[in-house]
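Structure at a glance
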Amino acid sequence: CTVGGGGDSTGPARSMHPRLPEALRESLPYAAAAAVFLLVGGGIFVAVEPGWSYADATYFAFTVTTTIGYGCLVPSTRASRAVTLGYALVAIPTFAGALARSLVPVLLPPSAWFERMLLRLPPLR
């Protein structure tokens, strides 16, 4: 999305979100850390839960980490339940923080632009 410079079509166009590429670079490490955390969780659960594939274990780690908890995969041993509890206590706040840190730089520039547009509107009566 671009906005023309000065109202005429001959002026240079400028980006509506000039910080977006910078914001994506800022958020990439946090998004990558969240993805790695889920993949490591899959490795942990495949090791402690008999009969699960790596895909099943990663899916379970995702549902635990995001607190969705569908219930189609359930830890079956006492050891895997204990590991799930420990993983959840660490994974949920870690993933939430990483997700927030990865989304804030991307969402703030558009929201600041939207706020500036709202301030240009006439007041409601």
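Our structure is the block above this text.
Now for a quick tour of the structure.

Further remarks concern the overall build of the protein. Helix and strand content of the protein: 3 helices and 2 strands. Scanning the protein from its N terminus toward the C terminus, one meets helices and strands in the order β-β-α-α-α. Every one of the 125 residues in the protein was classed for burial, and the buried ones make up 24%. For the protein, restricting intrachain contacts to residue pairs at least 6 apart in sequence, the fraction spanning at least 24 positions comes to 52%. Here the protein has roughly 8500 Å² of accessible surface; of this, 69% comes from carbon and sulfur atoms.

Looking now at the environment of Thr63. Locating Thr63 in the fold gives a position in helix H2 (residues 54-65). The class of Thr63 is buried, set by a relative accessible area of 6%. In the structure, Thr63 is positioned 25 residues away from Leu38 in sequence and 9.8 Å away in space, judged by C-alpha atoms. With residues up to four places along the chain from it excluded, the contact list for Thr63 reads Ile68, Gly69 and Tyr70.

Enumeration according to the criterion identifies 5 aromatic pairs in this entry. Here the aromatic rings of Phe45 and Phe60 are separated by 4.9 Å at their centres, their planes lie at 90°, and the arrangement is edge-to-face. Within this pair, whereas Phe45 is found in helix H1 (residues 20-48), its partner Phe60 is found in helix H2, the two being separated by 15 residues in sequence.

Here we take up the nonpolar core. One finds Phe45, Trp52, Phe60, Val64 and Tyr87 to be the most contacted residues of the largest nonpolar core, which totals 14 residues. For this core, the secondary structure elements donating two or more residues are H1, H2 and helix H3 (78-119). For this core, the element with the highest residue contribution is H3, accounting for 5 residues. Ignoring sequence-local partners within four residues, the contact set of Phe60 consists of Phe45, Trp52, Leu73, Pro75 and Thr84.

With that settled, consider H2. Its 12 residues place the ends of H2 16 Å apart at the C-alpha level, agreeing with the 16 Å of an ideal helix rising 1.5 Å per residue. For H2, every residue scored as buried is listed here: Ala57, Thr58, Phe60, Ala61, Thr63, Val64 and Thr65. Remark: Thr67 follows H2 within two positions and exhibits a positive phi of approximately 60°.

A few words on the environment of Ala57. Mapped onto the fold, Ala57 is located in helix H2. Along the backbone, Ala57 and Gly41 are 16 residues apart, and their C-alpha atoms lie at a distance of 7.5 Å. Not counting residues up to four positions away in its chain, the partners in contact with Ala57 are Gly42, Phe45, Val46 and Trp52.

Now for the side chain of Glu49. If you trace the backbone, Glu49 turns up in the loop between H1 and H2. At a separation of 2.4 Å, a polar atom in the side chain of Glu49 contacts the side chain of Ser76. In this structure Glu49 touches Val74, Pro75, Ser76, Thr77 and Ser80, once residues within four positions along its chain are discounted.

The rules behind the values
- Residues numbered from 1 in each chain as written.
- Predicted model: local features only at pLDDT ≥ 70, side-chain atom pairs only at ≥ 80, totals over all residues.
- Heavy atoms only, no water.
- Helix = DSSP H or I, 4+ residues; strand = E, 2+ residues; numbered from the N terminus.
- Buried < 20%, exposed > 50% of the residue type's maximum accessible area, 1.4 Å probe, protein only.
- Contact = heavy atoms within 4.5 Å.
- Areas by Shrake-Rupley, 256 points an atom, 1.4 Å probe, with all protein chains shown as cover.
- Phe/Tyr/Trp six-rings, centres within 6.5 Å; stacked < 30°, edge-to-face > 60°.
- Core = buried A, V, L, I, M, F, W, Y, C linked by side-chain atoms within 4.5 Å.
- Expected span 1.5 Å × (residues − 1).
- Polar contact = N/O pair within 3.5 Å; in protein donor to acceptor, adjacent residues only side chain to side chain.

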